[in-house]
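# A look at the structure
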Amino acid sequence: MSVRRLADQQPASFAFTPENLEWAKHEIAKYPAGRQASAVIALLWRAQEQNDFWLSKPAIETVASMLEMPFIRVLEIATFYSMFNLEPVGQYFIQLCGTTPCQLRGADAIKEVCRSKIGEQRQLSADGKFSWLEVECLGACCNAPMVQINEDYYEDLTPENFAQLLADLTAGKPVKKGSQTGRKSSEPMPGQGPTLNEPSLYDGSVVGSWRQRFDESIAAAAAAAADAAQKK
């Protein structure tokens with residue numbers, strides 16, 4: 001388990017913008033008296049969005065005060081959920097999936113691009129535009145390897161198209177979200193043809209044979225139990 005701590009350097013204060021303050025009041029009002037703490041994750045998330053996508057200690061304290069919660073309780077929530085960043089991140093914060101499907105499809109090569117173009121994890125790039133972090137599954141396994149940059153997914157990555165993606169972001173050029181190879185949704189890659197077209201998947205024969213073996217196993221166990229009972 002990783003240890004998550006607040007950043008060493010903290011701003012002096014935090015206050016919601018007037019628009020975000022009105023939003024927060026509306027969010028809190030959704031809950032009955034005495035249950036305002038239920039809004040804590042929503043308020044922390046909005047505070048993070050406002051604060052260049054990281055949570056400072058003053059932001060956590062502000063949320064705790066608004067919800068009349070002990071600071072330590074809100075701190076526990078902020079440090080428990082990895083969706084909350086406790087230190088400054090780049091303008092483009094890259095979350096790189098390193099779990100099994102992405103690992104098998106080349107996530108290590110994508111990590112090396114991050115290291116060569118940005119630096120080590122949790123480190124801001126020289127221009128402050130990028131930082132990255134390896135995370136657990138982001139749920140786009142069919143299109144592995146993939147990353148999440150801020151709020152968007154970028155999938156079917158190769159070292160070449162990922163490096164170009166970073167270059168385009170640096171230059172302020174528009175970039176394509178989703179698959180970087182032109183794949184639509186999670187359909188087969190071009191040239192792979194249709195999948196899951198084996199007739200036995202749909203004609204019941206696979207399930208039927210499993211059911212027969214199951215029934216035979218149950219019958220054999222019952223016969224063995226009856227035979228054991230007769231011998232006593």
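Now for a look at the structure at hand. (Residues numbered from 1 in each chain as written. Predicted model: local features only at pLDDT ≥ 70, side-chain atom pairs only at ≥ 80, totals over all residues. Heavy atoms only, no water.)

### Examining the sheet that holds strand E4 (residues 152-155)
In plain terms, the rule: In this description, strands pair whenever DSSP reports at least two bridges between them. Going along the chain from the N terminus, every DSSP run of H or I of four or more residues is numbered as a helix, and every run of E of two or more is numbered as a strand. In this analysis, two residues are considered to be in contact whenever any of their non-hydrogen atoms come within 4.5 Å of each other. Only the contacting stretch of a helix is used when fitting its axis, a line to C-alpha atoms as for every element, and angles between N-to-C directions run 0 to 180 degrees.
Pairing within the open sheet is mixed, and its 5 strands lie in the order E2-E1-E3-E4-E5. Lying at the two open borders of the sheet, with one neighbouring strand each, are strand E2 (130-135) and strand E5 (178-179). Inspection of the sheet shows strand E3 (residues 147-149) paired to E4 by 3 bridges, in the antiparallel sense. Bridge assignment links Ile149 to a residue of E4, and that residue is Asp152. Here helix H6 (residues 107-117) sits on the sheet and contacts strand E1 (92-97), E2 and E3; the angle it forms with E1, its principal contact strand, is near 155°.

### Focus on the nonpolar core
Where we set the bar: As used in this record, nonpolar core signifies buried Ala, Val, Leu, Ile, Met, Phe, Trp, Tyr and Cys residues forming a set joined through side-chain atoms within 4.5 Å. Three labels apply to residues, based on accessible area from a 1.4 Å probe with only protein chains included: buried if under 20% of the type maximum, exposed if over 50%, partly exposed otherwise in between.
Counting residues in each nonpolar core, the largest one holds 29 residues, and the members touching the most others are Ile94, Leu96, Phe130, Val147, Ile149 and Phe162. Elements represented by at least two residues in this core include exactly E1, H6, E2, E3 and helix H7 (159-171). If you tally residues by element for this core, the top one is E1, at 5 residues. For Val147, the residues in contact, after removing those within four places along its chain, are Ile94, Gln95, Leu96, Ile110, Asp152, Tyr153, Tyr154, Leu157 and Phe162. Ranked by size, the runner-up nonpolar core spans 22 residues in total, among them Phe16, Val40, Leu43 and Ala59.

### Quick notes on the packing of aromatic side chains
The test is simple: Classification of ring pairs rests on two measures: the distance between centres of Phe, Tyr or Trp rings, Trp counted by its six-membered ring, which must be within 6.5 Å, and the angle between planes, read as stacked under 30 degrees, edge-to-face over 60 and tilted in between. Remark: a charge is flagged as sitting over a ring if the NZ atom of Lys or the CZ atom of Arg is within 6 Å of the ring centre and within 35 degrees of the ring normal.
The final tally for this structure, using the stated rule, is 5 aromatic pairs. With centroids separated by 5.5 Å and ring planes inclined at 80°, the aromatic side chains of Trp45 and Phe53 adopt a geometry described as edge-to-face. Using a relative accessible area of 28% as the deciding quantity, one classes Trp45 as partly exposed. Given a relative accessible area of 14%, Phe53 falls into the buried group. Ring centres of Phe80 and Tyr81 lie 4.9 Å apart, and the angle between their planes is 90°; on these two criteria the pair is classed as edge-to-face. The class of Phe80 is exposed, set by a relative accessible area of 63%. Residue Tyr81 is classed as partly exposed on the basis of its relative accessible area, which comes to 34%. Grouping aromatic residues by their ring pairs yields a cluster made of Trp45, Phe53 and Phe84. Across from the ring centre of Trp23, 4.0 Å away, lies the NZ or CZ of Arg46, which sits over that ring.

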